[in-house]
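Survey of secondary and tertiary structure
Here is how the chains run, residue by residue.
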Amino acid sequence: MITRQPLTSRFGRVKDITDVAAYEQLQGYEGLNQVLDATETQNLNTLIEGALWSRSGNGTNVAVDCQEVLTNEAETKYIICNADEGEPGTFKDKALLRSDPLAVIEGMTIAAYLTHAQVGYIYVRGEFRDLILELMQTIENCRAAHLLGKSIFDVPGFDFDIKISESAGAYVCQEPAALFNAMSGATGRPGGRVTPTKAGFYKQPTLVEDAETFANLPVLYRLGAKAYQSLGTSESGGTKLVCLTGQVKNRGLFEVPIGLELTTILNDPEFGGGSQDGTPFKFIHLGGQSGMILPAENITDLIYSPEALQAEHLTMGTGAIVAATEAVNILDYLVPVARFFMDESCGKCPACRIGTVRIYEALQTLQKQEGVPGDLTRLAHMVDHVASQASCFVGQVVANPIFSAMAAFPEEFKAGVDWQAEVVKEVPW
Amino acid sequence: MDNTMTLTKKVALIHSFEPEPDAAVNILLTLQQATKDAYVDEASARLVADYVGLTLANIYELVSYYPALNEQPQARYVLTFCHSAPCAVSDNGFIEKTLHQILGIDEGQVTDDGLLAYQGVACVGACEQAPFIKIKDHIFPNLTTDKIQQLVADLKAGHFDDIL
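As annotated in an unreviewed UniProt entry, chain B is NAD(P)H-dependent oxidoreductase subunit E from Agrilactobacillus yilanensis. We quote the UniProt Cofactor (unreviewed entry) comment for chain B here in full: "[2Fe-2S] cluster". Quoted verbatim from the Sequence similarities (unreviewed entry) heading of the UniProt record, the comment on chain B is "Belongs to the complex I 24 kDa subunit family."

If you open the UniProt record of chain A and go to Sequence similarities (unreviewed entry), you find "Belongs to the complex I 51 kDa subunit family."

This is the structure:
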């Protein structure tokens, strides 16, 4: 019988997570073995039929990315696991690396075999010292077992090794150009738009995914495309790691089949278990800070799959879901959201650098009910300005939570304005 | 710089990395975490710059850009708490006020004895344990005002010297 939760099936079952033999006893490296026994075409077909899309929030098709890296000729190709995971409310990649790092490493090794890449990096937050030390030990153990290095599994020419690149904390490094700058020793600011699969790290073909996506690869090849895809929907195979936070009864990490009802994820005792005080939810924030805020009454029929959410102009994002009850005023929630974007603006684009500060200030003013007539229009204009003028996603996405919240709870925004106060003329910018 | 780390040890630590620019942040973070005052001083920054082939300005650009790298000496214990939205919903907000009351200092300041400071951060991935305080790699979860008072008292008494 196939476990319905393959990504977390080893969590807590291995005493030493760096131990390769213990990993192999729990179906570890069965995925890579399947890959090595098949032809290149068969392997790519498995990836296509399994319908694995990126779990990092960018929604790309992993088969397409692998194929592009494979076909783009270069002396050195790179596999990068971006496990920096700076999105508030998200802790799935850290959980994977803390509980089953070999699954991520096996996934990266499979990706290297599929794309003929030689060098891998795990980009991980440097302040998690214990996690990095465990990762270093895991990589060393893999080298000792000939699972990293030259001629892996005695396959001539299958050379692949992994290094650790430490992040010092910058949300903008989710943007590939910023990530490559940071990893090369420069500050992690975005440059121009890059196509990683063509000209990525050091301008070479590069596959960039998060830890969860890589951990899916061994599962896909071990189970086979059909069984893997059947864990999810016809368009999106597998399961998804969901981080439930806020006022759900059971906060934490859950592995859910793709295609489950969103209300089941929130309310089923197996998952969120409803709200902490038993009252109905007021809103959820879907996919991370950059996602949409949805009133609870609008999610009753929503299916948690990329295609179903996309049809509603929503995304799974990183898998973060924050839920709040009537006890939470929407402005109290949005102020820290705006602060996050202000703090994480890299400062390159003036609209984002200055605009995110103005947005934060405007929301604080409304929160204190000190707004004046015209403030709501000014706020909307500023959000629109930042979203349209910023050159990378950090500024571009700021409109998602704020505009969706303004649409869902207009009365709470209006309550932040003293409508008897003198109208202040709009300041041009 | 930290008096527990000799120049020889510092150089040995730096030389345990590859002498390439892409190793700069790895070295700076490792060096910072290995030192008592948890910051990158100018002498260390010069050593790293020379070793990886960057300028001193390049190194300080990294240090000033990234929140995890410090330009100034840090308190013995920096109590970090999350000020992002998911934790705000989980009532993390009282932590800053409580620490301000107990320690009598503002965020980012250090107590006179150099022992304690507190700092809000974006997210440390411990959302399900909120309200929490993180000190180095250690999470103190599900806090109340009383538990924070006890934690500060324990830190002052040196009860966590072996794990922090």
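**Concerning the nonpolar core**
Within the largest apolar cluster, 84 residues are counted, with the highest numbers of intra-cluster contacts made by A:I80, A:Y333, A:I359, A:L363, A:F413, B:I59 and B:Y66. For this core, the element with the highest residue contribution is helix α14 (residues 330-344) of chain A, accounting for nine residues. Ignoring any residue separated from it by four or fewer positions in sequence, one finds B:Y66 in contact with A:A168, A:G169, A:A170, A:A182, A:A186, A:T187, A:G188 and B:V25.

**Remarks on empty space enclosed by the protein**
Residues and elements named next belong to chain A. All told, the structure shown has three cavities of 30 Å³ or more when counted by the stated rule. What lines the largest cavity is simply V172, S345, C346, G347, K348, C349, C352, A390, C392 and V394. Partitioned by chemical class, the residues of the lining of the largest cavity number seven nonpolar, two polar and one charged.

**Considering the interface of chain A and chain B**
At the interface, 48 residues of chain A touch 35 residues of chain B. Summed over both sides, the interface between chain A and chain B buries roughly 3100 Å², with carbon and sulfur atoms accounting for 54% of that surface. On the chain A side of the interface with chain B, the three residues burying the most area are A:E166, A:A168 and A:R251, jointly 19% of the side's total. Where chain A packs against chain B, one counts two salt bridges. Its salt-bridge partner being B:E61, residue A:R189 comes within 3.7 Å of it at the nearest N-O pair. Inspection of the chain A/chain B interface yields 17 residue pairs in polar contact (both at pLDDT 80 or more). For the side of chain A that touches chain B, the elements supplying multiple residues, two or more each, are α7 (129-144), β3 (161-167), α8 (176-183), β5 (239-246), β11 (320-325) and α14 of chain A. At seven residues, the largest contribution of residues to the side of chain A that touches chain B is made by α14(A).

**Some points on the pairing of strand β6 (residues 252-257) of chain A**
All names here are of chain A. Here six bridges tie β5 to β6, and the two strands are oriented antiparallel to one another. Within the sheet, the bridge partner assigned to T239 lies in β6 and is P257. Two successive antiparallel strands, β5 and β6, enclose a turn made up of five residues.

**So, the packing of helix α5 (residues 92-99) of chain A against helix α10 (residues 211-223) of chain A**
Residue and element names in this part refer to chain A. Axis separation between α5 and α10 bottoms out at 8 Å; the angle between their running directions is 50 degrees. Put simply, α5 runs oblique to α10. In this structure, α5 uses K92, D93 and L96 to contact α10, whose residues at the interface are A211, E212 and A215. Its residues assigned to classes, the contact of α5 with α10 comprises three nonpolar, no polar and three charged.

**Here's the deal with the confidence of the model for chain B**
In the predicted model, chain B carries a mean pLDDT of 92, and 98% of its residues have values of at least 70. For this predicted complex, the interface score ipTM comes out at 0.91, alongside a pTM of 0.94.

**Here's the deal with helix α1 (residues 7-14) of chain B**
Residue and element names in this part refer to chain B. Listed as buried for α1 are K10, L13 and I14. Each buried residue of α1 lies within a common arc of 100 degrees when the element is viewed along its axis, so the set occupies one face. With respect to the buried face of α1, the exposed residues turned more than 90 degrees away are T8 and K9. Looking at the packing, one finds that the buried side of α1 touches α2 (24-34) and α3 (42-52).

**Remarks on the state of the cysteines**
Residues and elements named next belong to chain A. Summed over all chains, the structure comprises zero disulfides over all chains. With no disulfide of its own, C173 has C346 as its nearest cysteine by sulfur position, at a separation of 9.2 Å. In this structure C173 comes out as buried when scored by relative accessible area, which is 0%. With no disulfide of its own, C352 lies 6.5 Å from the sulfur of C392, the closest cysteine sulfur.

**With respect to the sheet that holds β6(A)**
Residue and element names in this part refer to chain A. Read across the sheet, five strands follow the order β6-β5-β11-β8-β9 without closing on themselves; strand pairing throughout is mixed. Across the chains shown, the open sheet's two edge strands, defined by having one partner strand only, are β6 and β9 (293-295). With strand direction ignored, the average angle separating the axes of adjacent strands in the sheet is 30 degrees. In terms of strand pairing, β5 meets β11 through four bridges, oriented parallel. Bridge pairing in β11 places T245 opposite V322. Of the strands in this sheet, β8 (281-286), β9 and β11 touch α14, which is tilted by about 20 degrees from β8.

**Some words on the pattern of salt bridges**
All names here are of chain A. If you walk through the whole model with that rule in mind, you get 22 salt bridges over all chains. Of the charged contacts, one joins K92 and E212 as a salt bridge, the two residues approaching to 3.1 Å between their closest N and O atoms. You can see K92 sitting in helix α5 and its partner E212 sitting in helix α10, a full 120 residues away along the chain. Here K92 and E212 have matching classes, each one buried.

**A closer look at the packing of α2(B) against helix α4 (residues 56-65) of chain B**
Residues and elements named next belong to chain B. Between α2 and α4, the shortest axis-to-axis distance is 11 Å and the interhelical angle comes to 65 degrees. With respect to the hand of their crossing, α2 and α4 are arranged in right-handed fashion. Between α2 and α4, the contacting residues are A24, V25 and L28 on the first element and I59, L62 and V63 on the second.

**Describing the sheet that holds strand β1 (residues 78-82) of chain A**
All names here are of chain A. Here we have four strands laid out as an open sheet, ordered β3-β2-β1-β4, and parallel in their pairing. Two strands in the sheet have a free side with no partner beyond their single neighbour: β3 and β4 (206-209). Geometrically, the sheet is characterised by an average inter-axis angle of 20 degrees between neighbouring strands, direction not taken into account. Strand direction decides the pairing type here: strand β2 (residues 119-125) and β3, joined by seven bridges, are parallel.

**What about helix α2 (residues 30-37) of chain A?**
Every buried residue of α2(A) is listed here: A:G31, A:L32, A:V35 and A:L36. On an axial view of α2(A), the arc spanned by its buried residues comes to 135 degrees, and they lie on one face.

Calculation notes
Residues numbered from 1 in each chain as written. Chains lettered and ligands numbered in written order. Predicted model: local features only at pLDDT ≥ 70, side-chain atom pairs only at ≥ 80, totals over all residues. Heavy atoms only, no water. UniProt positions renumbered as here; feature names shortened; annotations may be inferred. Core = buried A, V, L, I, M, F, W, Y, C linked by side-chain atoms within 4.5 Å. Buried < 20%, exposed > 50% of the residue type's maximum accessible area, 1.4 Å probe, protein only. Helix = DSSP H or I, 4+ residues; strand = E, 2+ residues; numbered from the N terminus. Contact = heavy atoms within 4.5 Å. 1 Å grid on protein atoms, 1.4 Å probe; cavity = no way out; pocket = protein on both sides within 12 Å on 5 of 7 lines; lining within 4 Å. Points joined across faces, edges and corners; volume = space filled by probe spheres on them. Nonpolar A, V, L, I, M, F, W, Y, C, P; charged D, E, K, R; others polar. Buried area = accessible area lost by both parts, 1.4 Å probe. Salt bridge = Lys/Arg side-chain N within 4 Å of Asp/Glu carboxyl O. Polar contact = N/O pair within 3.5 Å; in protein donor to acceptor, adjacent residues only side chain to side chain. Pairing = 2+ DSSP bridges. Axes fitted to C-alpha atoms, helices over the stretch in contact; angles between N-to-C directions. Parallel < 35°, antiparallel > 145°, perpendicular 65-115°, else oblique. pLDDT = per-residue confidence, 0-100. Arc of directions from axis to C-beta. Disulfide = S-S within 2.5 Å. Left-handed = near helix turned anticlockwise from the far one by under 90°.

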